[in-house]
Structures are given as C-alpha cells and as structure tokens.
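Close look at the chain arrangement
Letter by letter, the chains look like this.
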Amino acid sequence: MKKLVFILIAALATGAGVWYFTAGQKAGKVKVLNTAKVERGSVSRVLEATGIVQAQVGALVKIGAQATGVLESVPVKVGDRVNKGDLVAKIDARELEARIVEARANLQLAQAKLAYMEKNLPRQRALVEKRLAAQDTLDAAIQDADVARHTVDSNRAKLRTLEVQLSYTRIYSPIDGVVSQVAAQEGETIVSGLSVSNLITVLDPSKLEMWIYVDETDVGRVREGLAVRYTVDSYRDKVFEGAVKRIYPEPEIRDNIVYYQTLVPVTAEQAKFLRPEMTTQCKIIVETRDNVLTVPNTALKWVRDRQVCFVVSPDPRIEPREVTPKLGLVGLETSEVVEGLSEGDVVATQLVLPGNVVGKKGE
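Read on for a plain summary of the structure. (Residues numbered from 1 in each chain as written. Predicted model: local features only at pLDDT ≥ 70, side-chain atom pairs only at ≥ 80, totals over all residues. Heavy atoms only, no water.)

**Section: the packing of aromatic side chains**
Tallying each qualifying case throughout the model produces four aromatic pairs. Both rings, one in Y230 and one in F240, keep their centres 5.4 Å apart while their planes meet at 20 degrees; by these two values the pair is stacked. Taken together, the residues span a long stretch of sequence, with Y230 in strand β13 (residues 227–232) and F240 in strand β14 (residues 235–243) at a distance of 10 residues. Residues Y230 and F240 agree in their burial class; the two are buried. Between the aromatic rings of Y235 and F273, the centroid separation amounts to 5.5 Å while the plane-to-plane angle is 85 degrees, which identifies the pairing as edge-to-face. With Y235 in strand β14 and F273 in the loop between α4 (268–271) and β17 (279–296), this pair connects stretches of sequence that are 38 residues apart. (Phe/Tyr/Trp six-rings, centres within 6.5 Å; stacked < 30°, edge-to-face > 60°. Helix = DSSP H or I, 4+ residues; strand = E, 2+ residues; numbered from the N terminus. Buried < 20%, exposed > 50% of the residue type's maximum accessible area, 1.4 Å probe, protein only.)

The structure is reproduced here in structure tokens:
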C-alpha cells in the first residue's frame, strides 16, 4: 500500500493523471477520481519560446556632454521623472562667458570701423571725381571697407560659435522619461569626446517591445500577425497578449543554437508592469480551430501503447468504457476530437487503473 501511495503522489506531482494499481485493489476495476466533459470549443497549437523585454529605439537615451569643464551641478538623481527640455546637468561656463564678452566687444569695434569706412567711401569717391585726390586713395578706401566688412563677419561668426559652445554647458533631457543612470557627479571634470562624457541615461518606460528568440527549426511556422501570449516571473498570474510584428532575417547564435528574433510590440498599458531585460515565457499561437469537439489532454492516457480515453457512465455501477479517439489538432490543454467521442461524453481525467494495465507512454 505504501508503494501505491508513492505512485499516486508522483503522478500528482508530474500531472500525468494516470494512476496504477500495484496492490490492494480489486482486479479488473477502474477507479475514477476526476472527470470532465467533451464539449465544443477552440483548440490552439502553440509554439513555446523564451523572450526578453527591451526598450524601443529612441526610448533609451544616453545624454553626453559636448563641452569640457567642471561639472557644476546635477539636479537629478536615479529614479527622477523628467520632461523633455528639463535641465539635467550644468558645466562651469565662466571662461566661455568671459570670452563671449570679449567677442562682443571685438564685434562692436569692427562694426564701428566698418561704419566709418562706409561713410568715408563716398567722400573719397567725390574727391577723385573732382580730381582733388588720387585714384589710389579711392582704391585704398574701397579695400579698407571690404576688410572691415569681412572683419565684422568673422567676429560675428566667432561670437556665434562661442554662444553655441556656451549652450553645451547646459544639458537638457531630449525625451520624457525616468533617469535610469547618473554616471558623473558634481565637481568632476568633463572632457568632451571621452566615455565619461556620457553623463545621464533617461528611459521612457512606456515605450517597450519584446523580442522572442525562435529556434531555427520552428521559425518556418512563425509569421507576422500571429497572436502571442506571454508571462513574466514578476506577475506569474498575469497573461500579456500581443502579436508578431516582424521577424528579423539575421540570426543570433547562442550556445551553438541558431535563433531568429521575433518582435512583439508592447502597449503603454502593458509597459506599466514590465521593465527592460525582463525574461518572458511566450506562447505563439501558430494555429487555432474554433467550434470543434474538444477533450482535455488530461483525459488522454497511454495504455498498452495506445492513447485512449475512459468514458464514464452516469450509472456508477457500469465500468468506464475504454475508447481510442481519433485526434485532430493537439493543443497544450485540449485536443480536437475527430472520431470516437461525442459532445457531452464524460471522460475520466484522473483515475486508477488495475495493476495488470501498463502504460507505455506519457507516464
């Protein structure tokens, strides 16, 4: 009897649903523990795979620095929510501000010289026309005016360059999101062009997508538009739904196995529960048949190398009838019945078989 108890516990743990007599049971008797009805419904063939949640392109931005200097302030920290245009860092700009003041003064001086040259030019031209001055004097005046004009343009450009450089000392968030990383702190010297200039990372948590890694042996059954159901360990009872949007042509090799990335968009509502790099357990619905006769897979038993069902009579005195059904589409939980069972039949999903009946498969 202890051996029987051990077998019963093992069958419950594995979900096999088939129990065997080894001792203490009456020969030839089948004991039914649980039942289900054969009824109409939907059967789906699914492809199981592993996926990972990722940020969409443009949803994760590493904000760098184009200016060199001491980091004056970092008014944000990890976890802070920021809007597009919010100040996230400021670099000491006193030297640039002084150079801008100097550049403005030089520009004003050049503009004053140009104004004088432009006023002097007509006078020189009039003197030459009256033959009161030599032609060389007019030519020199024209040249001086041209030089002054170019000097103004050059100083204006220098000033504009310095103002652009000054704008680089104030760093703003380019997107709405959450600060996910701060790589520098106040007082550090930032050198533009080096890796340390990547100061702050901002993530838009509402813009996520999922990549499913489909084995090369299964990718031929996957196509755009197929429904996908997936779960994550953080919310095991919550089933997320999506659809295949794209299958990438370039493979990815992991542990000498070839996979193809399959993209599934994530809605903003779903993104509230998800985070980048979360692992997902996915089921791609490859084929679905609706309004077909279905039987629970727990009612299918392997007995003497045959997959059978035990149809239970409403009269408990009548022994369950063994039937070998013809199956169509086989799903994870239910299978399509083509022949052998009728709608409304009650089948055993858990039972104890006599000791002389041995299952060869599915134990």
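Okay, back to it.
**Observations regarding the nonpolar core**
Within the largest apolar cluster, 25 residues are counted, with the highest numbers of intra-cluster contacts made by M210, I212, V228, Y230, L274 and I284. If you list the elements that add at least two residues to this core, you get β3 (39–55), β12 (208–215), β13 and β17. Other than its neighbours up to four places away in sequence, M210 contacts I52, V53, V228, Y230, T262, L263, V264, V266, T280 and C282. Ranked by size, the runner-up nonpolar core spans 19 residues in total, among them V61, A89, I91 and V179. (Core = buried A, V, L, I, M, F, W, Y, C linked by side-chain atoms within 4.5 Å. Contact = heavy atoms within 4.5 Å.)

**Topic: the layout of surface pockets**
Its volume calculated, the largest pocket comes out at about 250 Å³. Secondary structure elements with two or more residues in the lining of the largest pocket: β3 and β17. Ranked by the residues each element gives to the lining of the largest pocket, the list is headed by β3, at four residues. Classifying every residue of the lining of the largest pocket by side-chain character gives four nonpolar, four polar and three charged. Counted as a void, the second largest pocket has a volume near 220 Å³. Taken together, 13 residues make up the lining of the second largest pocket; nearest its centre are A67, T68, D92, E95 and L96. Secondary-structure elements contributing two or more residues to the lining of the second largest pocket are β5 (69–73) and α2 (94–129). Top contributing element to the lining of the second largest pocket by residue count: α2, with three residues. (1 Å grid on protein atoms, 1.4 Å probe; cavity = no way out; pocket = protein on both sides within 12 Å on 5 of 7 lines; lining within 4 Å. Points joined across faces, edges and corners; volume = space filled by probe spheres on them. Nonpolar A, V, L, I, M, F, W, Y, C, P; charged D, E, K, R; others polar.)

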